[in-house]
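Take a look at the letters that make up each chain.
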Amino acid sequence: MNTRAHAWMPVSPCGTGCLPADPGRVSFVTAAARWVLVVAVLATAPLLTAGRLLPRPGRLAAQRAFARVLLRCAGLRLTVTDLRDRDGRGDGGVLVVASHVSWTDVLVLTAVAPAGFVARSDLLEWGLLGALARRMRVIPIERERLRDLPVVVSRIRDRLLAGERIAAFPEGTTWCGRAYGGFRPALFQAAIDAQRPVQPVGLRYADTAGTIATGPAFVGDETMGASLRRLLRHRGVMAEVVLAPLERPGSDRRDLAMRCERSARRRHDDGAEFARLGRAAAAHDTRGREEVRAGR
C-alpha cells in the first residue's frame, strides 16, 4: 500500500491482494523466449528511438513497434477505438491523459501514438528501462515533493508549446482497474497555460469475456522486477483503448480535469460497451494486430 508524504499526495488502497490468485500462464519455454525478446528490445531501443540513426518518422515507428513487442511479451493484446473527429486529431502539442493501472500503460500509449511521459522520478534508476526513459526525455515527477510541482507543470507547458505530445496519469498513482482514483487537476494547468488541447484516453485491461483483469496491475509493495517476472508468464488479457474526442483547455484546471475524467471513464464504467468495442476490433484480425475503428 502506498504511504502518504503530505496531505495532497495521491494514495491507492489497491495492493497485491487485488492480483488474481490463479492467472493464465504460458509455458517455461515461451517465458524464456519472451525474456530474450525483452532484453533485445531494451538493448536496441535506445539506439533506434532516441538517436540520429533514423529520421523522426522512423523513430516514432520504431517506438510503436518496440512497444507492441513488449506488450506481447507481457501477454497483452491491443485494441484501439478512435472516437475523435477527423478535424480534431490534435496537430501540434497535445496533453494525453489516462487512468493508471501499471507500467504497461506506458507501453500501451506508446504503441498507439508515441509521446513524452510524465513519470515517477525513480524510473530513471531502473537499469535499462531508466536508460530508455532518459533517452526518451521523460519528465520526472516526485509525488513526495509538492513544492516541485510548478516546475513540472512549466516543463510540460514548454514541451506542449514546442509541439510535442506529452502523456500523464493524473490519478497520481496506480490502481488495480476495478477501482480507480480521481484525476488531479494540477498537471492540467500546463494545457491551460499553453492553450493546447487534451486527449482523454479510456484504458482498461480485460479478459476474453470482457471482465476487468487485474493481472497487469502494478500495485502494493510489488517491485518492478517481480512485476516483470510475473507478466512474462502472463497471457490472455486485452489492453482496450478508446481515444475520446479532444477537450479544449478553457481556463479552469478543475473543470478541465473533471471533463477529461468523465470522458475517459464514460466507457471505462460500461464494461459491456468496452468489451463490445474490443471484440469488434479484434474480430477484424485473428492474429491479434491492432484494429482502429473510427467514428463509433
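Every value quoted in this text rests on a predicted model; they were computed, and no experiment measured them.

## Notes on the nonpolar core
Of all hydrophobic cores here, the largest spans 48 residues; its most connected members are Leu78, Trp103, Val108, Leu109, Val201, Tyr205 and Val241. Counting only elements with at least two residues in this core, the list comes to α1 (28–49), α2 (56–73), β1 (76–82), β2 (94–98), α3 (104–112), β6 (198–206), α7 (224–231) and β7 (237–243). Considering each element in turn, this core owes the most residues, six residues, to α2. If we ignore the near neighbours within four places in the chain, the residues touching Trp103 are Phe218, Met224, Ser227, Leu228 and Leu231. Counting residues in each nonpolar core, the second largest holds 23 residues, with Ile156, Leu187, Ala194 and Ala264 among its members.

## Here's the deal with α7
Of all the residues in α7, the buried ones are Met224, Ser227, Leu228, Arg230 and Leu231. End-on view of α7: buried residues confined to an arc of 165 degrees, all on one side of the axis.

## Some details on the environment of Arg72
Along the chain, the position of Arg72 falls in helix α2. For the pair formed by Arg72 and His234, sequence separation is 162 residues and the distance between their alpha carbons is 9.7 Å.

## Points about the pairing of β2
Most of β2 sits inside the fold, with five of its five residues counted as buried. Alternating positions in β2 separate into two faces, Val94, Val96 and Ala98 on one and Leu95 and Val97 on the other, with burial throughout. Sheet topology note: the β2/strand β5 (residues 165–168) ladder contains four bridges and is parallel. Pairing of Val94 across the sheet is with Arg165, part of β5. Pairing of β2 with β6, which is carried by four bridges, proceeds in the parallel orientation. Residue pairing in the sheet places Leu95 in a bridge with Val198 of β6.

The rules behind these values
- Residues numbered from 1 in each chain as written.
- Predicted model: local features only at pLDDT ≥ 70, side-chain atom pairs only at ≥ 80, totals over all residues.
- Heavy atoms only, no water.
- Core = buried A, V, L, I, M, F, W, Y, C linked by side-chain atoms within 4.5 Å.
- Buried < 20%, exposed > 50% of the residue type's maximum accessible area, 1.4 Å probe, protein only.
- Helix = DSSP H or I, 4+ residues; strand = E, 2+ residues; numbered from the N terminus.
- Contact = heavy atoms within 4.5 Å.
- Arc of directions from axis to C-beta.
- Pairing = 2+ DSSP bridges.

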